[in-house]
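Listed below are the residues making up each chain.
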Amino acid sequence: MPATHHVERQPSRVHVTEVGPRDGLQNESVILSTAEKLELIHALVAAGVNAFEITSFVSPKAVPALADAVDLVTALRGLDGVHLSALVPNHRGAERALEAGIDAVVMFVSASETHNAKNVNRSVEDSLAGFEDAARVLEGSGVELRGAVATSFGCPFEGDIEVASVGRIARHFSELGVRHLSLGDTTGMATPPLVSERIRHLREVAPPIVPTLHFHNTRGIGLANVMQGLALGVDRYESSIGGLGGCPFAPGASGNIASEDLVYLLDEMSIDTGIDLAGMIGAAQIATRLMGRDLPGQVSKAGPRLALSDCSAVPTARG
Ligand code: ZN
């Protein structure tokens, strides 16, 4: 199909995947129990969230925060209409995820050689080759194989990442039958021009791929990048409740864009998400309590713009 097939027009409906339980919690120092995670996830489901990147089937020793992967998926798989995906590093992880009853398996690779080596101790080429084994594990299971590309917009070690590197990985995933590919902005290096460049390139070199944008707010322009994605017609985004998470290379930096801030923006643009903002604000407050720290999401603190204050109760606002 020609690249012109993709219309660069604001979508009327956007699909939001909540990645807080995986990407958020993986980068937090506080480790939540399975029961605490379930409290948060049930609040999100009640708010209308129907897609989660729920955990990662990596070594429990490598990521203690996600050591309860099997228990968590087992506890959630009966939820009606809720789609659960999980990261897996290799075919062994794919087997465990399949056994636990996941809906989609996400294979990940970094677009940066240095980051991929640090992350999974392999070359990008070796990671890509390993996906074929994982794809075979899933054959005939009905479980979807998805892809994720870390450092799609820049690498904290290498700097700029060639758009062609992202395109080459996308093509490889596409040949494996992957349709949903997430472009991860692992350390918040995305900018609106980079978003345009990468999305247009992807549509040219791997037209069957439906891109998902995954921004971190490390440098404060996560939602500006979402605006750019929307202008390009991208209708799938990933975010974490409260903006859970951080950046392993920048202590104190923000994590993913906050889900409730994303839903607020989309609501105000009359873009349907099926998610209730008030419910998301409640879930962000639960996340804040469970983590025992102030989270970066903002709408949960200020309230929606028409949540009016009692003017007699507050001092005059200046400026
Ligand atoms: Zn991320």
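Just so you know, these numbers come straight off a predicted model, no measurement behind them. (Residues numbered from 1 in each chain as written. Predicted model: local features only at pLDDT ≥ 70, side-chain atom pairs only at ≥ 80, totals over all residues. Heavy atoms only, no water.)

1. Some details on the layout of surface pockets
Where empty space is left can be seen by rolling a probe of water-molecule size over the atoms.
Here comes step 1: Taken as a whole, the largest pocket spans an internal volume of roughly 890 Å³.
Here comes step 2: The biggest single contributor to the lining of the largest pocket is strand 5 (residues 144-150), with 5 residues.
Here comes step 3: For the lining of the largest pocket, the residue count by class is 15 nonpolar, 18 polar and 8 charged.
Here comes step 4: Approximately 300 Å³ is the volume attributed to the second largest pocket.
Here comes step 5: As for the second largest pocket, its lining consists of 16 residues, of which His-6, Arg-203, Val-210, Gly-233 and Asp-235 are closest to the centre.
Here comes step 6: Of the residues in the lining of the second largest pocket, the class split is 9 nonpolar, 3 polar and 4 charged. (1 Å grid on protein atoms, 1.4 Å probe; cavity = no way out; pocket = protein on both sides within 12 Å on 5 of 7 lines; lining within 4 Å. Points joined across faces, edges and corners; volume = space filled by probe spheres on them. Helix = DSSP H or I, 4+ residues; strand = E, 2+ residues; numbered from the N terminus. Nonpolar A, V, L, I, M, F, W, Y, C, P; charged D, E, K, R; others polar.)

2. A word on the environment of Ile-275
Here comes step 1: Relative to the assigned elements, Ile-275 resides in the loop between helix 10 (259-268) and helix 11 (277-291).
Here comes step 2: Taking the C-alpha atoms as reference points, Ile-275 and His-15, 260 residues apart in sequence, are found 9.7 Å from one another.
Here comes step 3: Excluding its chain neighbours within four sequence positions, the residues that come into contact with Ile-275 are Val-16, Ala-47, Gly-48, Val-49, Val-263 and Met-280. (Contact = heavy atoms within 4.5 Å.)

3. Structural notes on the side chain of Ser-240
Here comes step 1: Locating Ser-240 in the fold gives a position in the loop between strand 8 (236-239) and helix 10.
Here comes step 2: For Ser-240, a relative accessible area of 0% translates into the label buried.
Here comes step 3: Those residues in contact with Ser-240, other than ones at most four positions away along the chain, are Glu-18, Val-19, Gly-20, Asn-256, Ile-257, Ala-258, Ser-259 and Glu-260. (Buried < 20%, exposed > 50% of the residue type's maximum accessible area, 1.4 Å probe, protein only.)

4. A look at the packing of helix 10 against helix 11
Here comes step 1: Running from N to C, helix 10 and helix 11 point in directions that differ by 165°, and their axes come no closer than 9 Å. In terms of orientation, helix 10 lies roughly antiparallel with respect to helix 11. Of the two elements, helix 10 crosses helix 11, and the hand of that crossing is left-handed. Each of Ser-259, Glu-260, Val-263, Tyr-264 and Asp-267 in helix 10 lies in contact with helix 11, whose residues at this interface are Leu-277, Met-280 and Ala-284.
Here comes step 2: Considered class by class, the residues forming the contact of helix 10 with helix 11 number 5 nonpolar, 1 polar and 2 charged. (Axes fitted to C-alpha atoms, helices over the stretch in contact; angles between N-to-C directions. Parallel < 35°, antiparallel > 145°, perpendicular 65-115°, else oblique. Left-handed = near helix turned anticlockwise from the far one by under 90°.)

5. Focus: the pattern of salt bridges
Here comes step 1: For the coordinates displayed, the defined rule picks out 14 salt bridges.
Here comes step 2: The residue Glu-39 makes a salt bridge to Arg-289 at a minimum N-O spacing of 2.6 Å. Residue Glu-39 is found in helix 2 (residues 34-46), and its partner Arg-289 is found in helix 11; the two are separated by 250 residues along the sequence.
Here comes step 3: Its relative accessible area of 53% is what places Arg-289 among the exposed residues.
Here comes step 4: One salt bridge connects Arg-168 with Glu-125, and the closest N-O pair in it is separated by 3.2 Å. (Salt bridge = Lys/Arg side-chain N within 4 Å of Asp/Glu carboxyl O.)

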